Amino acid sequence: MTDPAAKTPVPVLRISFPNEHRLGHGKMELLEHIRVTGSISAAGRAMDMSYRRAWLLVSEMNGMFREQVVEPQRGGQKGGGAALTPFGEELLTRFRRMERTLRASLAEDLTWLEDKCK
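Residues numbered from 1 in each chain as written. Predicted model: local features only at pLDDT ≥ 70, side-chain atom pairs only at ≥ 80, totals over all residues. Heavy atoms only, no water.

Draft legend 1. Here's a closer look at the packing of helix 1 (residues 25-37) against helix 3 (residues 51-64). Orientation of helix 1 relative to helix 3, taken along the N-to-C sense of each, is 105 degrees, at an axis distance of 11 Å. Put simply, helix 1 runs roughly perpendicular to helix 3. Contacts between helix 1 and helix 3 involve Lys27, Met28, Leu30, Leu31 and Ile34 on the former and, on the latter, Ala54, Leu57, Val58, Glu60, Met61 and Met64. Tallied by class, residues from the contact of helix 1 with helix 3 come to nine nonpolar, no polar and two charged. (Axes fitted to C-alpha atoms, helices over the stretch in contact; angles between N-to-C directions. Helix = DSSP H or I, 4+ residues; strand = E, 2+ residues; numbered from the N terminus. Parallel < 35°, antiparallel > 145°, perpendicular 65-115°, else oblique. Contact = heavy atoms within 4.5 Å. Nonpolar A, V, L, I, M, F, W, Y, C, P; charged D, E, K, R; others polar.)

Draft legend 2. Region of interest: the nonpolar core. Membership of the largest hydrophobic core comes to 22 residues, with the highest contact counts inside it found for Met28, Leu30, Leu31, Ile34, Met61 and Val70. Breaking this core down by element, the ones donating at least two residues are helix 1, helix 2 (40-46), helix 3, strand 4 (81-84) and helix 4 (86-116). Here the element with the most residues in this core is helix 3; it accounts for five residues. Setting aside residues up to four positions removed in sequence, Met28 forms contacts with Leu23, Met61, Leu91, Leu92, Phe95 and Arg96. (Core = buried A, V, L, I, M, F, W, Y, C linked by side-chain atoms within 4.5 Å. Buried < 20%, exposed > 50% of the residue type's maximum accessible area, 1.4 Å probe, protein only.)

Draft legend 3. Layout of the pairing of strand 4. Only one face of strand 4 is buried: it carries Ala82 and Leu84, and the other face, with Gly81 and Ala83, is open. The pairing of strand 3 (residues 70-73) with strand 4 spans four bridges and is antiparallel. Considered in strand 4, the bridge of Val70 is made with Leu84. (Pairing = 2+ DSSP bridges.)

Draft legend 4. Spatial organisation of a nonpolar patch on the surface. Judged by side-chain polarity, Tyr51, Trp55 and Leu56 come together as a nonpolar surface patch covering roughly 300 Å² of accessible area. Mapped onto the secondary structure, Tyr51 falls in helix 3. (Patch = residues over 30% accessible without salt bridge, like charges linked within 9 Å, V, L, I, M, F, W, Y side chains within 5 Å. Areas by Shrake-Rupley, 256 points an atom, 1.4 Å probe, with all protein chains shown as cover. Salt bridge = Lys/Arg side-chain N within 4 Å of Asp/Glu carboxyl O.)

Written out as structure tokens, the structure reads:
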């Protein structure tokens, strides 16, 4: 039996900035995991990514904007963690809204493409 979602075309939003930075689904997923876990390392593990790679992506996002996206949290038994800043929360919310807008605006064309898929 074939999964009907497997033949559905999915648009992917990626924003390229003039300074060669990019913002896309993967970084937003990492932010969601940081929000849930309170940890960059746990977020990376949830995505099957090394701590170093996750930390570099967070560092890149923090360097892209005038405000930090993720900030360290000090203290606790295990030495702290990380949390989205209010700007990081807004960035994630707006990016997800842009994705929904993209899907909605392309729905008719995506249906047409889906009908043409083998």
